[in-house]
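Chain residues, written in single-letter form:
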Amino acid sequence: MTTRRVALALAALAACADDPATAPAGGDTTVLDRTSNAYSRPAPNLRADDLARHLAGDVAFEATFVRGPAPVNAGLGPLYNHNACAACHGKDGRGLPQFGGAASQALVRVSLPDGTPELPGAPIPVPGLGGQLQDHAVFGIPAEVGVALAWTETTGSYADGTAYALRAPALTLTYPDGRALEPTIMRSLRQAPAVFGAGLLEAIPDATLEAAADPDDRDGDGISGRPNRVWDVDAGAVRIGRFGHKAGNPSLVQQTAAAYANDMGVTSRRFGGEVEVDDARVEATAFYTATLGVPARAPGDVADGEARFAEFGCAACHTPTQRSGPHPIAALADQQFQPYTDLLLHDLGLDLADGRPEFRADGREWRTPPLWGLGLVATVLPGASYLHDGRARTVAEAILWHGGEAEAARERFRTAPADQRAALLRFLSAL
Amino acid sequence: MIVDFADRVVIPTYALLDDRAAALHAAAMTLRAAPSPARLRAAQDAWVATRVPWEQSEGFLFGPVSAQGFDPAMDSWPVDRTDLEAVLASSDALTATYIRNLPETQKGFHAIEYLLFGEARDRDADDLDARELAYLTGLTLELTAVTAALEASWTTGAPPYRDVFTTAGAAGNTAYPSLDAAAQEILVGMSGICDEVANGKIADPYDAHDPNLVESQYSYNSRLDFADNLRSVENAYTGDVPAAGTTGRGLDEVVRAVDPALDTRLRAELADAIAKIQAIPDPFRDAITTPAAYPAIEAAQAAIRTVQTTIDGDLAEAVR
């Protein structure tokens, strides 16, 4: 009797493994939690020693840095955006697009059109400012710039006449002496993305991303994704970029070390030279984000909306299912999961363009963000918003901002009957 | 039950926090006007009293308290002593705006604690100079602004978070699409603070035997912080907040209907955990380096983990 039940269960698993509606969102890393804590659970399939590393990394991710000398967590600044990983990635989710004092959870990247990069192919740093504006500084040192963010509203309507409003960001960047930042400086507003599930994204084989790329749109579907190719400081070579809104970092460790240096002014062997955090702590933090579980989809039937997701063309870039290859963390290897991303760069049109290239990504391209956990955004972070700069107050607004390669899909959404639009949004809120 | 959780537990706890922060500010102003040992003691007592509702709110750290940064604005650790001393040594005018714009690590509970208690509960009233007292009252005033904003985020925000939570399951509620989602939020908060106390607040400094990692180390208030975290769990479970004088319908009613023995057991486990925390030799920051105290520390951790196991297992099952 017992044997039979096990066999039936296995058969059921086998039957649903290819169906995103029933397959676990994060493979064996999936967690059953739809609360504000949903992004903060360790993957349940971690080995005991890996769970211990995860929990140590959790402490590092939460750690608040202060100016040295100090008995613990010294090294903040002198220039910084915030003082802890968790200050912008609260509850391991996204941040709010806001600036000012301790409320800042977003940042502005800057670069010049011409010059010499610090890493091969990287954005050209601005003399005196580098590649990122730090709007905070330790006592006695002026912040690089003051950042003020305002929004300008526009209106539009669905094909059925229903009106909607969109808002676009308007940045005011001011030096301490009151001068405005030179207009020749390219700038890109970014809000902090969620960090869970990142290990599975790292474990997707390069070959998978290469195979999905179609830079010249040879299949004629209007979608021409391509991987970013970025400098890997550990390998000393060009690798596929995966992390960041333009996939500017090849690995979680590099993404993490760069964030310590640029966002908190905490330098390490990889970035900044002086060792304010050692490799072990950087790697512990990266390990933590790599091994956070992925929340399971909400219960309920959203098959209709899921069908629209495919029919409208969303799935052309937001690839529902991916499979990981080998990975040093056993829990991440050989998993099938539903991130809804191809990790490739796509032209999203002029309205979303930042005009600031990053390695191979041009000023109109963004890396497809994963959509898993999307339905929990408002639970984890009340008031949260969407897209790279948080301009979209709702998921519907986010869809309506899509242009470029995604224009046809957006138009299918915009011109669809209200019940179909609602069905799509119900599906997305179940992720 | 969900409505009572918001109206009889969360909001009264935040209201009490705001009241006590106001009393702390008044005590700090009194101290500043004419420092004396009695006035310092009164301000210290007011600080300890303000910690009570804050620690009793840590069993429900969801919603605006985290999203809007109220938690770090009040409770950042460590204190940035280097820059705090630099501010004191400067001639900067300590206006309310200036204080507001300081990093969280130079204000909030623990910066106030440092000023009121010194490094090891050794502050004398005549230690504090005029500038330190001005900084102190600036910090206590700013704390009242944060506690007021936190309470308002649940009662008058746009929308009040009370309305988001209590309309769980209503059409269009994207944060809590079902009543069960809201119940799970309460359970996860209760479980999470047990985990945080046993495996974070106690374990991190104890495992490293490092007093620098201890919460509320300047005031020697750590044990009371931990005990009030467990009372937060108790309040969430019972729907009552004894410190605020409120009662309401809690999860306990649900549990008594399906498994009265579980209700009795969970209450006993909570009482035991609080007793075991209070049995750790004071101050906690010395206990973590005193081998004779280790059994008491580990007994407290074990008792808290027992509570967490019951919440995650039998209580979650009963509520479902």
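Residues numbered from 1 in each chain as written. Chains lettered and ligands numbered in written order. Predicted model: local features only at pLDDT ≥ 70, side-chain atom pairs only at ≥ 80, totals over all residues.

## Some remarks on the overall build of chain B
Next, step 1: In terms of helices and strands, chain B carries 15 helices and 0 strands.
Next, step 2: In terms of overall size, chain B behaves like a compact globule, its C-alpha atoms giving a radius of gyration of 20 Å where 320 residues would be expected to give roughly 20 Å.
Next, step 3: Considering only C-alpha atoms, chain B reaches an extent of 60 × 50 × 30 Å along its principal axes.
Next, step 4: Taken over 320 residues, chain B has a buried fraction of 55%.
Next, step 5: The long-range share in chain B, meaning contacts at least 24 apart out of those at least 6 apart in sequence, stands at 76%. (Helix = DSSP H or I, 4+ residues; strand = E, 2+ residues; numbered from the N terminus. Rg over C-alpha atoms; globule rule 2.2 N^0.38 Å. Buried ≥ 20, exposed ≤ 12 C-beta atoms within 10 Å, placed from the backbone. Contact = placed C-beta atoms within 7 Å.)

## As for the interface of chain B and chain A
Next, step 1: Taken together, the contacts link 36 residues of chain B with 32 residues of chain A.
Next, step 2: Of all elements in the fold, only helix 3 (64–67), helix 4 (70–75), helix 5 (81–89), helix 9 (161–166) and helix 10 (179–208) of chain B reach the threshold of two or more residues within the side of chain B that touches chain A.
Next, step 3: Top contributing element to the side of chain B that touches chain A by residue count: helix 10 of chain B, with 6 residues.
Next, step 4: Taken together, the residues that form the side of chain B that touches chain A break down as 18 nonpolar, 11 polar and 7 charged. (Nonpolar A, V, L, I, M, F, W, Y, C, P; charged D, E, K, R; others polar.)

## Describing the domain arrangement of chain B
How big an interface is tends to be reported as the loss of accessible area on association of its parts.
Residues and elements named next belong to chain B.
Next, step 1: For chain B, the assigned domains read domain 1 (2–161) and domain 2 (179–319).
Next, step 2: The straight-line distance from the C-alpha centre of domain 1 to that of domain 2 is 24 Å.
Next, step 3: The partner domain 2 presents 31 residues to the 29 residues of domain 1 that form the contact.
Next, step 4: Elements with a minimum of two residues in the side of domain 1 that touches domain 2: helix 1 (2–33), helix 2 (37–55) and helix 7 (109–117).
Next, step 5: The greatest single-element share of the side of domain 1 that touches domain 2, amounting to 9 residues, is contributed by helix 1.
Next, step 6: Across the side of domain 1 that touches domain 2, the residue classes break down as 16 nonpolar, 5 polar and 8 charged. (Domains from an automatic or database assignment.)

## What about helix 11 (residues 222–238) of chain B?
All names here are of chain B.
Next, step 1: Counted at 1.5 Å a residue, the expected span for helix 11 with its 17 residues is 24 Å, and the 24 Å between its end C-alpha atoms agrees.
Next, step 2: Along helix 11, 17 of the 17 residues are buried, which leaves the element largely enclosed by surrounding structure.
Next, step 3: One or two positions beyond helix 11, positive phi appears at G239, with a value near 80°. (Expected span 1.5 Å × (residues − 1).)

## Side note on unusual backbone geometry
Next, step 1: A cis geometry characterises the amide bond from A:G68 onward to A:P69, with omega recorded as -5°.
Next, step 2: For A:P69, the position within the fold is in the loop between helix 2 (48–62) and strand 2 (79–80).
Next, step 3: Of note, the amide linkage connecting B:W77 to B:P78 takes the cis form, showing an omega dihedral of 5°.
Next, step 4: Relative to the elements of secondary structure, B:P78 occurs in the loop between helix 4 and helix 5.
Next, step 5: The phi angle at A:D217 is positive, at roughly 50°, despite the residue not being glycine.
Next, step 6: Tracing the backbone through its elements, the reader meets A:D217 in the loop between helix 5 (206–212) and strand 9 (228–232).
Next, step 7: In this structure, B:S216 takes a positive phi of about 55° despite not being glycine.
Next, step 8: Looking at where B:S216 falls in the secondary structure, it is placed in the loop between helix 10 and helix 11.
Next, step 9: Using a count of 26 C-beta atoms within 10 Å as the deciding quantity, one classes B:S216 as buried.

## Section: the nonpolar core
Residues and elements named next belong to chain B.
Next, step 1: Counting residues in hydrophobic clusters, the biggest one holds 205 residues, and the most contacted among them are I112, M190, C194, L230, V233 and I304.
Next, step 2: Viewed by domain, this core spans two of them, domain 1 (2–161) and domain 2 (179–319), each represented by three or more residues.
Next, step 3: Not counting residues up to four positions away in its chain, the partners in contact with C194 are V233, I304, V307, Q308 and I311. (Core = buried A, V, L, I, M, F, W, Y, C linked by C-beta atoms within 7 Å.)

## Remarks on the confidence of the model for chain B
Next, step 1: When the pLDDT values of chain B are averaged, the result is 97; 100% of them are 70 or greater.
Next, step 2: Overall fold confidence for the complex sits at a pTM of 0.95, while the interface term, ipTM, reaches 0.95. (pLDDT = per-residue confidence, 0-100.)

## Topic: the environment of A:Q98
Residue and element names in this part refer to chain A.
Next, step 1: Tracing the chain through its elements places Q98 in the loop between helix 3 (85–88) and strand 3 (106–111).
Next, step 2: In this structure the C-alpha to C-alpha distance between Q98 and V147, which are 49 residues apart in sequence, comes to 9.4 Å.
Next, step 3: The residues touching Q98, leaving out its near neighbours within four places in the chain, are A103, S104, Q105, A106 and L149.

## Description of the sheet that holds strand 8 (residues 186–191) of chain A
Residues and elements named next belong to chain A.
Next, step 1: Taken in spatial order, the 3 strands line up as 4-3-8 in an open sheet, and their pairing is antiparallel. Taken across any chain shown, the strands that pair with only one partner, and hence form the sheet edges, are strand 4 (132–133) and strand 8.
Next, step 2: Direction of pairing for strand 3 relative to strand 8: antiparallel, over a ladder of 6 bridges. Pairing of L107 across the sheet is with R190, part of strand 8. (Pairing = 2+ DSSP bridges.)

## A short note on the pairing of strand 9 of chain A
Residue and element names in this part refer to chain A.
Next, step 1: Of the pairings in the sheet, the one linking strand 9 to strand 10 (residues 237–241) comprises 5 bridges and is antiparallel in character. Among the inter-strand pairings, N228 is bridged to a residue of strand 10, identified as G241.
Next, step 2: If you look at the hairpin formed by strand 9 and strand 10, you'll find 4 residues sitting between the two strands, and G236 has a positive phi there, around 65°.

## Notes on helix 2 of chain A
Residue and element names in this part refer to chain A.
Next, step 1: Compared with the 21 Å implied by 1.5 Å per residue over 15 residues, the 21 Å span of helix 2 between its first and last C-alpha is a close match.
Next, step 2: Among all positions of helix 2, only H54, G57, D58, A60 and F61 are buried. Mapping the buried residues of helix 2 onto a view down its axis gives an arc of 165°, with all of them on the same face. Pointing more than 90 degrees away from the buried face of helix 2 are the exposed residues A48, D49 and A52.
Next, step 3: Looking at the buried positions of helix 2, the neighbouring elements they touch are helix 3 and helix 7 (279–290). (Arc of directions from axis to C-beta.)

## Here's the deal with the confidence of the model for chain A
Next, step 1: When pLDDT is averaged across chain A, the result is 94; 95% of the residues are at 70 or more.
Next, step 2: Between residues 1–16 of chain A, whose pLDDT stays under 50, and residues either more than four places distant or in other chains, the model counts 2 contacts.

## Here we look at the packing of helix 1 of chain B against helix 8 (residues 130–155) of chain B
All names here are of chain B.
Next, step 1: For the pair helix 1 and helix 8, the least separation of the axes is 9 Å and the interaxial angle reads 165°. Relative to helix 8, helix 1 is oriented roughly antiparallel. Judged by the sense of rotation from one axis to the other, the crossing of helix 1 with helix 8 is left-handed. (Axes fitted to C-alpha atoms, helices over the stretch in contact; angles between N-to-C directions. Parallel < 35°, antiparallel > 145°, perpendicular 65-115°, else oblique. Left-handed = near helix turned anticlockwise from the far one by under 90°.)

## Structural notes on the packing of helix 7 of chain B against helix 8 of chain B
All names here are of chain B.
Next, step 1: Between helix 7 and helix 8, whose axes approach to 10 Å, the crossing angle comes to 145°. Seen from above, helix 7 lies across helix 8 with left-handed handedness. Residues A111, I112 and L115 of helix 7 form the contact with helix 8, whose own contacting residues are E132, Y135, L136, L139, T140 and L143.
Next, step 2: Looking at the contact of helix 7 with helix 8 residue by residue, the classes come out as 7 nonpolar, 1 polar and 1 charged.

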